[in-house]
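Residue-level listing of the chains:
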Amino acid sequence: MKVKVCGITRKKELKFCIDNNVSFCGFILNYPKSHRNLSFKKAKNLLNIKKNKTKFVGVLVNPSEYEFLKYTKLNLDFIQLYGDLNKKFIISAKKKTKIKIIKALQIKKETDVANYKNFKNFADIILWDSSGYEKSVSWNYNWIKFIPKNIIKMVAGNINTKNVSSLANLADIVDVSGSLETNKVKDIKKIRKFLNEVNKINEKI
């Protein structure tokens, strides 16, 4: 089980994640409602760092084609897309940039889980998330247990050290944000504790 630490806003926490082999680091790029949102200028400066094996993910909510293309110029490996975007838009944007895509699905009820079928042929990773956007909301993770193994499964929504073990045999990647913060900023102590918990889980799998 890999980890994505999302909503990073400062270099010291980003460097800690890279130095501790966090698989994915996420950055909120066009959603000012979130306290984690970064301007293009600040994101460019923050991402100007040696990534080693860590993959950088830019999170966009209902971007225009102009926005999408603008943000792919940053030092990113993936664009994570939220919102009502049609397949044509995503396929076109992906061809133009060759960037990898994480398609986020917001889950309110069990039947929402199956929406991955609309994107599985061109999204590199499917993310099942809550419907809370910047607010971390829980949902029933067990709803994804019937998803085929060939689908790379990322899961988000109020994940923390106490419940991450329930995802051990469900998710390939856990996407965590709010539970790693103190006063709305990523907390290195909390990140370290979460990574240690995931390492313990992985040793048992």
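Residues numbered from 1 in each chain as written. Predicted model: local features only at pLDDT ≥ 70, side-chain atom pairs only at ≥ 80, totals over all residues. Heavy atoms only, no water.

## With respect to the overall build of the protein
Looking only at helices and strands, the protein features 5 helices and 10 strands. The C-alpha atoms of the protein give a radius of gyration of 16 Å, which matches the 17 Å a tight globule of 205 residues would have. Overall, the C-alpha framework of the protein stretches about 45 × 40 × 30 Å when taken along its three principal axes. Within the protein, residue pairs in contact and separated by at least 24 positions form 55% of the contacts whose partners lie at least 6 positions apart. When the accessible surface of the protein is split by element, carbon and sulfur atoms take 48% of a total near 10,800 Å². (Helix = DSSP H or I, 4+ residues; strand = E, 2+ residues; numbered from the N terminus. Rg over C-alpha atoms; globule rule 2.2 N^0.38 Å. Contact = heavy atoms within 4.5 Å. Areas by Shrake-Rupley, 256 points an atom, 1.4 Å probe, with all protein chains shown as cover.)

## Some details on the nonpolar core
In this structure, Phe 27 and Trp 128 are the most contacted members of the largest nonpolar core, which totals 59 residues. No other element matches helix 5 (residues 188-204), which puts 5 residues into this core. Dropping the residues within four chain positions of it, Phe 27 is found in contact with Gly 7, Ile 8, Leu 14, Leu 38, Leu 46, Leu 47, Phe 56, Val 57, Gly 58, Val 59 and Leu 76. (Core = buried A, V, L, I, M, F, W, Y, C linked by side-chain atoms within 4.5 Å. Buried < 20%, exposed > 50% of the residue type's maximum accessible area, 1.4 Å probe, protein only.)

## Remarks on the environment of His 35
Assignment of secondary structure puts His 35 in the loop between strand 2 (24-28) and helix 2 (40-46). Through-space distance from the C-alpha of His 35 to that of Val 155 is 21 Å; in sequence the pair is 120 residues apart. With near-sequence residues (within four places) excluded, His 35 lies in contact with Glu 181 and Lys 184. Of the polar contacts made by the side chain of His 35, one reaches the side chain of Glu 181; its length is 3.1 Å. (Polar contact = N/O pair within 3.5 Å; in protein donor to acceptor, adjacent residues only side chain to side chain.)

## Things to note about helix 1 (residues 11-19)
What helix 1 keeps buried is the set Glu 13, Leu 14, Phe 16, Cys 17 and Ile 18. Looking at the buried positions of helix 1, the neighbouring elements they touch are strand 1 (2-5), strand 2, helix 2, strand 3 (55-61), strand 10 (185-186) and helix 5.

## Remarks on the pattern of salt bridges
Following the criterion strictly, the structure yields 10 salt bridges and no others. One salt bridge connects Lys 51 with Asp 77, and the closest N-O pair in it is separated by 3.0 Å. Separated by 26 residues along the polypeptide, Lys 51 in the loop between helix 2 and strand 3 and Asp 77 in the loop between helix 3 (65-71) and strand 4 (78-82) bring together distant segments of the chain. Taking relative accessible area as the criterion, Lys 51 reaches 15% and is therefore assigned buried. With a shortest N-O distance of 3.1 Å, Asp 112 and Lys 109 are connected by a salt bridge. Given a relative accessible area of 11%, Asp 112 falls into the buried group. Put simply, Arg 36, Glu 181 and Lys 186 are held in one network by salt bridges that share partners. (Salt bridge = Lys/Arg side-chain N within 4 Å of Asp/Glu carboxyl O.)

## Observations regarding the sheet that holds strand 5 (residues 100-106)
One key point about sheets: their strands pair by backbone hydrogen bonds, in either a parallel or an antiparallel sense. Strand order in the closed barrel made by the 8 strands is 1-2-3-4-5-6-7-8, with parallel pairing throughout. Across the sheet, the mean angle from the axis of one strand to that of its neighbour is 25°, orientation sign disregarded. (Pairing = 2+ DSSP bridges. Axes fitted to C-alpha atoms, helices over the stretch in contact; angles between N-to-C directions.)

## Some details on the packing of aromatic side chains
Counting across every chain of the model gives 8 aromatic pairs. A ring pair is formed by Trp 139 and Tyr 141, whose centres lie 5.3 Å apart and whose planes are at 80°; its orientation type is edge-to-face. With relative accessibility at 9%, the residue Tyr 141 sits in the buried group. Site record: aromatic cluster; members linked through ring pairs are Trp 139, Tyr 141 and Trp 143. Sitting above the plane of the Tyr 71 ring, Lys 70 keeps its charged end 5.7 Å from the centroid. The positively charged end of Lys 103 is found above the aromatic ring belonging to Phe 119, 4.8 Å away from the centroid. (Phe/Tyr/Trp six-rings, centres within 6.5 Å; stacked < 30°, edge-to-face > 60°. Lys NZ or Arg CZ within 6 Å of the ring centre and 35° of its normal.)

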